[in-house]
Amino acid sequence: MTVNYIPSDFREVQGSREVIYKKYGKEWKISPQGGGNGNWLLTRKSDVLVDGKSYRDFVLDYYGKSKLTNKLADIFRDDLKSGKIKLP
């Protein structure tokens with residue numbers, strides 16, 4: 001079982017709406033920036049992947065947290081390996 005932590009990220013990009021949404025729309029939250037001059041702010045939340053499947057919401061609910069950090073992901077990884085947590 002592979003557990004990977006993906007840190008949050010942001011980028012500023014330029015381009016037309018269609019190109020940006022086609023290229024980044026599935027993985028990033030896209031916000032216009034600069035008054036409609038073709039500038040976009042892309043943001044992505046941190047995530048925990050177990051064998052390629054996202055468990056972000058599960059981890060936050062299980063530990064009662066609102067922010068997913070690398071330290072919390074390490075705790076989750078340790079609890080998973082020790083058998084303390086069984087995945088649905």
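Everything quoted here is computed from the prediction, not taken from an experiment.

**Q** Sorry if this is basic, but what is going on with the sheet that holds strand β4 (residues 39-44) here?
**A** Ordered by their spatial adjacency, three strands build an open sheet running β2-β4-β3, and the pairing between neighbours is antiparallel. Edge strands, defined here as strands with exactly one partner in the open sheet, are β2 (9-14) and β3 (29-33). Neighbouring strand axes in the sheet, compared pairwise and without regard to direction, differ in orientation by 25° on average. Sheet analysis places β2 next to β4, joined by six bridges and oriented antiparallel. From the neighbouring strand, Val13 faces β4, where its bridge partner is Trp40. Contacts from helix α1 (residues 17-24) reach β2, β3 and β4, with the element oriented near 15° to β4.

**Q** For this particular structure, what's the right way to read the side chain of Arg77?
**A** With respect to the helices, strands and loops of the structure, Arg77 is situated in helix α3 (residues 70-82). With a relative accessible area of 18%, Arg77 lands in the buried category. Arg77 has contacts with Val3, Asn4 and Tyr5, leaving out every residue within four places of it along the chain.

**Q** Help me out: how do you make sense of the packing of aromatic side chains in this one?
**A** Each aromatic ring pair is summarised here by two numbers: the centre-to-centre distance and the angle between the ring planes. Under the definition given, this model contains six aromatic pairs. Look at Tyr24 and Trp28: their rings are 6.5 Å apart centre to centre, the planes differ by 90°, and that puts the pair in the edge-to-face class. Trp28 matches Tyr24 in its accessibility class, with the two residues each being buried. Chaining the aromatic ring pairs together yields one cluster made of Tyr55, Phe58, Tyr62, Tyr63 and Phe76.

Rules and cut-offs
Residues numbered from 1 in each chain as written. Predicted model: local features only at pLDDT ≥ 70, side-chain atom pairs only at ≥ 80, totals over all residues. Heavy atoms only, no water. Pairing = 2+ DSSP bridges. Helix = DSSP H or I, 4+ residues; strand = E, 2+ residues; numbered from the N terminus. Axes fitted to C-alpha atoms, helices over the stretch in contact; angles between N-to-C directions. Contact = heavy atoms within 4.5 Å. Buried < 20%, exposed > 50% of the residue type's maximum accessible area, 1.4 Å probe, protein only. Phe/Tyr/Trp six-rings, centres within 6.5 Å; stacked < 30°, edge-to-face > 60°.

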